[in-house]
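Here is what each chain is made of, one letter per residue.
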Amino acid sequence: MERLSGLDTTFLTFETPSVHMHVAQTAIFDASTVPGGYDFAKIKEHIRSRIHLVPPFRRRIVEVPFNLHHPLWVEDPDFDLDYHVRRVGVPAPGGLRDLSELAGRIASRPLDRSRPLWEAYVCEGMENGWIGVITKMHHCAVDGVSGAELMANLFDLTPEGEDFSPPDDREPERVPSDAEMIAFALNSRAKDAVKLLPLVSETVSTAANLVQRHRDPDTIVGAVPLTAPPTPWNAAVTPHRKVSFAKVELADVKALKDHHGVSVNDIVLALMGGTLRRYLQAKDALPDEPLIAVCPVSVRTDAESGDTNNRVSAMFTSLATQFDDPAERIARIHETTKGAKDDHNAVGANFLTDWAEYAAPRTFALASRLYSQLNLADRHRPIHNVVISNVPGPPVPLYYGGAELVAAYPMGPIMEGAGLNITVMSYRDRVDIGFMACRELVPDVWDLPDHVDAAMAELLESAGLGSTPTPKKAAAKKAATKKAATARKPAKKRTAKKGVKKRAATKGVKKRTATKGVKRTAKKKA
């Protein structure tokens, strides 16, 4: 049994009938690598064998009477794997867009709080004999970093996988009585009250320093909340979701990083800024002021590695969408992001998590519902335009029940007043991008991947760098070259010029026994 942190509880209380606070992932697997052939039962059995390594998979929420304190995590004595792992079919012809339509419908439904807060949908009927797995888990259980760590317990480095023998059956946890929860809540609140006065004093001092920073004209600062310009998706949201996916080559991102002398995150923000700029230009809706993005920041320490609770803060930064020149946009993003990091450091990494401990769950929940029901997001300037998360992923191939992971598109939740979320994760030699949007506010969400390609080409051209062709583009280029050669000399058959050699997926990556950046911490616990 464990009490939710204040920040974990905040993700619960922010949830309304229109705002679903679960994170999700649409993964695509090559089922041909499964030893002995693919079978849905094998996937379900694989998940069953790892349940004990992923604590959130067995725990459910227990509310404290009268919401006197944050809820408790308690192991579900009635856990039913068949409820959580479901088998569905992808609509014909089974392409990526068909899978995304299914993912959008799954993301549109809230999780059942009377059960462990996760679901997995094994999607059959895809092209190429592939399968999809759409997984969603409530944000109160994981953040980006802890979610990546959980991958280590669900994925393997070989198709054969490792044998994780589950522990012997034990008695399920006893759910405490109402009287016990009330007594503990009152005792805990009394202890917390002693820490409140120093926190208030520290907050006043921090606020004064932050205001002084922003008043100094020579100081580089980040973006400010409630200064974002309006866009078509900055409005009250509905419960309905629509998603789309894109990918770019990691080598291109790193080449741009080295050329401009900035970080990978700066390039990701510039790419997304260019994407949104093109999308808004096509609608004649590009504002004169720059779009403002909220970027989650992990404040997890090494000592907290392996914990599944949320340890995140946030910074506000400009996407510099008012500039035509891509190089100038990157320079301005780099500058503003540096200022945002300095602002974040001035506030303190634990500012948000510390104050969240004193949030009253009932008050927050009522305020969130009232804000949503009255459509108050339509009555003031946007707090921010979009949430953009960048999560580093593994550089080596992963396997799930023997099936090789082909792509992993992350999907973050949208917030009231900002009906678009962009989440980015690297995997092997590419970067997978997931767009989660309010269906009514961004009905043409599949236009965004096309703009990603154009925005990346623009960045590479501006830097004088050549794009790494995808297999599809390379094949098209080879076919076009061959056709042109045949047209020039129809009497003589000739071979088209060879295109760029296909790079090995694991080039420069040594054989490893653990996924880079992902620790098998849960294995130690087992």
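Residues numbered from 1 in each chain as written. Predicted model: local features only at pLDDT ≥ 70, side-chain atom pairs only at ≥ 80, totals over all residues. Heavy atoms only, no water.

**Things to note about the overall build of the protein**
Along its length, the protein carries 14 helices and 15 strands. Looking at the protein as a whole, 50% of its 526 residues qualify as buried. At a minimum sequence separation of 6, the contacts of the protein that also span at least 24 residues come to 80%. Of the roughly 25,000 Å² of accessible surface on the protein, a fraction of 55% belongs to carbon and sulfur atoms. (Helix = DSSP H or I, 4+ residues; strand = E, 2+ residues; numbered from the N terminus. Buried < 20%, exposed > 50% of the residue type's maximum accessible area, 1.4 Å probe, protein only. Contact = heavy atoms within 4.5 Å. Areas by Shrake-Rupley, 256 points an atom, 1.4 Å probe, with all protein chains shown as cover.)

**Quick notes on the nonpolar core**
Counting residues in each nonpolar core, the largest one holds 118 residues, and the members touching the most others are Trp118, Ile422 and Ile433. Broken down by element, the residue count for this core peaks at nine residues, all from helix 8 (residues 264-282). The contact partners of Ile422, leaving out residues within four places of it in the chain, are Met272, Leu276, Val386, Val387, Ile388, Ser389, Ile433, Gly434 and Phe435. (Core = buried A, V, L, I, M, F, W, Y, C linked by side-chain atoms within 4.5 Å.)

**A few points about the pairing of strand 8 (residues 241-249)**
The element strand 8 is largely enclosed, with a buried count of eight among its nine residues. One ladder, built from nine bridges, connects strand 8 with strand 15 (residues 430-438); its direction is antiparallel. Directly across from Val248, in strand 15, lies its bridge partner Val431. (Pairing = 2+ DSSP bridges.)

**Some remarks on the packing of aromatic side chains**
Tallied over the full model, the rule gives seven aromatic pairs. With 5.2 Å between their ring centres and 25° between their planes, Phe29 and Tyr400 make a pair best called stacked. Highlighted residues: Phe29 in strand 2 (residues 22-30) and Tyr400 in strand 12 (residues 399-400), separated in sequence by 371 residues. Accessibility classification places Phe29 together with Tyr400 in one group, the buried group. Residues Phe245 and Trp446 carry aromatic rings whose centres are separated by 6.3 Å and whose planes lie at 85° to one another, so their mutual orientation is edge-to-face. (Phe/Tyr/Trp six-rings, centres within 6.5 Å; stacked < 30°, edge-to-face > 60°.)

**Concerning the confidence of the model for the protein**
Summarising the model, the protein shows a mean pLDDT of 84, and 83% of its residues fall at 70 or more. Per-residue pLDDT stays below 50 along residues 469-526; that stretch engages in 51 contacts with residues further than four places along the chain or on separate chains. (pLDDT = per-residue confidence, 0-100.)

**With respect to the pairing of strand 9 (residues 292-298)**
Relative to strand 10 (residues 312-318), strand 9 is paired through seven bridges, and the arrangement is antiparallel. Bridge pairing links Ser298 to Val312 in strand 10. In the sheet, strand 9 pairs with strand 11 (residues 386-391) via two bridges, with the strands oriented parallel. Considered in strand 11, the bridge of Ala293 is made with Val386.

**Some thoughts on the pattern of salt bridges**
Under the counting rule described, the total for this entry stands at 23 salt bridges. Between Asp432 and Arg430 there is a salt bridge whose closest N-O contact spans 3.7 Å. Given the relative accessible area of 0%, Asp432 is considered buried. The network of salt bridges with common partners includes Arg86, Glu119 and Lys136. (Salt bridge = Lys/Arg side-chain N within 4 Å of Asp/Glu carboxyl O.)

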